[in-house]
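Close look at the chain arrangement
Each chain is listed here by its residues.
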Protein chains: 2
Amino acid sequence: MTDKMFMGASTKQGMDIATKSREIIRGLIGDDVKDLNPAERDIVERIVHSTADPEYAKLVHMSSDFVDVAMASLRNNETILTDINMVKYGITQYPGEVECYIKNEEVKQIAKQEQITRAAAAIRYAAQNDFEGIVVSGNAPTAVFEAMDLYQKCEMNVKAIVGVPVGFVGAADSKEALKNSNIPNIVVEGPKGGTPIAVACVNSLIQHL
Amino acid sequence: MTDKMFMGASTKQGMDIATKSREIIRGLIGDDVKDLNPAERDIVERIVHSTADPEYAKLVHMSSDFVDVAMASLRNNETILTDINMVKYGITQYPGEVECYIKNEEVKQIAKQEQITRAAAAIRYAAQNDFEGIVVSGNAPTAVFEAMDLYQKCEMNVKAIVGVPVGFVGAADSKEALKNSNIPNIVVEGPKGGTPIAVACVNSLIQHL
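Here goes a summary of the coordinates provided. (Residues numbered from 1 in each chain as written. Chains lettered and ligands numbered in written order. Predicted model: local features only at pLDDT ≥ 70, side-chain atom pairs only at ≥ 80, totals over all residues. Heavy atoms only, no water.)

As a further point, take the nonpolar core. The biggest cluster of nonpolar side chains holds 101 residues, and the ones touching the most others in it are F66 and M156 of chain A together with F66 of chain B. The residues contacting M156 of chain A, other than those within four sequence positions of it, are L81, I123, A126, A127, F131, V135, A147, L150 and Y151 of chain A. (Core = buried A, V, L, I, M, F, W, Y, C linked by side-chain atoms within 4.5 Å. Buried < 20%, exposed > 50% of the residue type's maximum accessible area, 1.4 Å probe, protein only. Contact = heavy atoms within 4.5 Å.)

With that out of the way, let us pick up the pattern of salt bridges. Inspection of the entire model under this criterion finds 28 salt bridges over all chains. The partner of K192 of chain B in a salt bridge is D53 of chain A, and the shortest N-O contact between them spans 3.9 Å. Remark: D53 of chain A occurs in the loop between α2 (38-51) and α3 (56-59) and K192 of chain B occurs in the loop between β6 (185-188) and α10 (195-207); the pair is interchain, linking two chains. The closest approach of N and O atoms between R124 of chain A and E146 of chain A, which form a salt bridge, is 2.7 Å. In this pair, R124 of chain A is assigned in helix α7 (residues 118-127) and E146 of chain A in helix α8 (residues 141-152), connecting sequence segments 22 residues apart. (Salt bridge = Lys/Arg side-chain N within 4 Å of Asp/Glu carboxyl O. Helix = DSSP H or I, 4+ residues; strand = E, 2+ residues; numbered from the N terminus.)

Mapped onto the elements, Q109 of chain A comes out in helix α6 (residues 105-114). C-alpha of Q109 of chain A to C-alpha of A121 of chain A: the two residues are 12 residues apart in sequence and 8.6 Å apart in space.

By definition, the strands of a sheet pair up through backbone hydrogen bonds, in either a parallel or an antiparallel sense. Residues and elements named next belong to chain A. Strand order in the open sheet formed by six strands is β1-β6-β5-β4-β2-β3, and the pairing between neighbours is mixed. Looking at the sheet topology across the chains shown, the edges are occupied by β1 (60-62) and β3 (98-99). Sheet analysis places strand β2 (residues 79-82) next to β3, joined by two bridges and oriented parallel. Each residue of the ladder has a partner; that of I80, found in β3, is V98. Sheet strands touched by α2: β1 and β6 (185-188). Its angle to β1, the strand with the most contacts, is close to 155°. In the packing of helix α10 (residues 195-207) onto the sheet, the strands contacted are β2, β4 (132-137), β5 (157-163) and β6, and the crossing angle to β5 comes to about 125°. (Pairing = 2+ DSSP bridges. Axes fitted to C-alpha atoms, helices over the stretch in contact; angles between N-to-C directions.)

Functional significance is not addressed by these values, which are geometric in nature.
Here it is in structure tokens:
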């Protein structure tokens, strides 16, 4: 935790709200997170804080190496690559680069030529431009599949994937595939997920830097 | 709907996913939205699309004048004022201004001097700087309370409030107060809410411009 911020709050009023929220959340999900270590538990608590949905404590799954690998990447100031700008702008306290290429003109061209989504094309573009770091997808399953594919082909220097896309089409499949991969990862099982979950996870890690 | 985008998708692959998602959602929440008009139903469907949480169809409530008043404001290119930047950057297709003042230096001073949250100070700052339009809060209950207070005092030209802050502390109270006010509004009952809900609501309206 930095001196200045706690869960996004910077004033006394904001911090009082955040502290009380944490107490309520611990009462709601204590049993679900009792086997996690403190850094992992903090991630889950922050996800529940940002959604007011205690079900996430049952749906979030991390590989055992996720926190250590992701923290090492962040300590090295490696890049955080997000699928959409909304996720990028939720990550507010990182000293390294937070990038999103979905609106890049070259990405639009790749998407058109290759007949893939812009979210997937943006991941491919990053891989072709010396990306090294963590991929964070809160929205596009195709971004998760693309990052996994490039990682397996040794064409992208992905250290860990925050794979929490939301939706009834493709999202659950992408997260199941990621969970069963050898890439350090965090996922939300099933259709649920989204920007706040991705942001909560990353901001929780950053607060422990 | 514009020619180029459907629910954030711009490629054929993205649009196919969005269309299939809508079909699934209609199967899940059809009964809950049967009394809504098409524009209202579209908002609720898009909220469920962006959260994969069908419970929102039961929790979303709009005042009967909300869509008409909000659409009139958007057609006049009035300002959309968001509580945090994450919400701002999710609103991607609006021809008018989308503003967020939470990082403004003057806002930080107001928060410190008045001992209020930065989110509330940012609303006050907008009111003091000729704001006219729609207030959108996906995160800070204090932003909703501040906008309501200034509206009632005739000190802020708020046309409608998208009041969907998330959290276990203060959020439900702020939304209940807004729901019971005379301000055109949309709320989510209870603690749930957040950035994707706020963004889905606004983007649904914009798509009907």
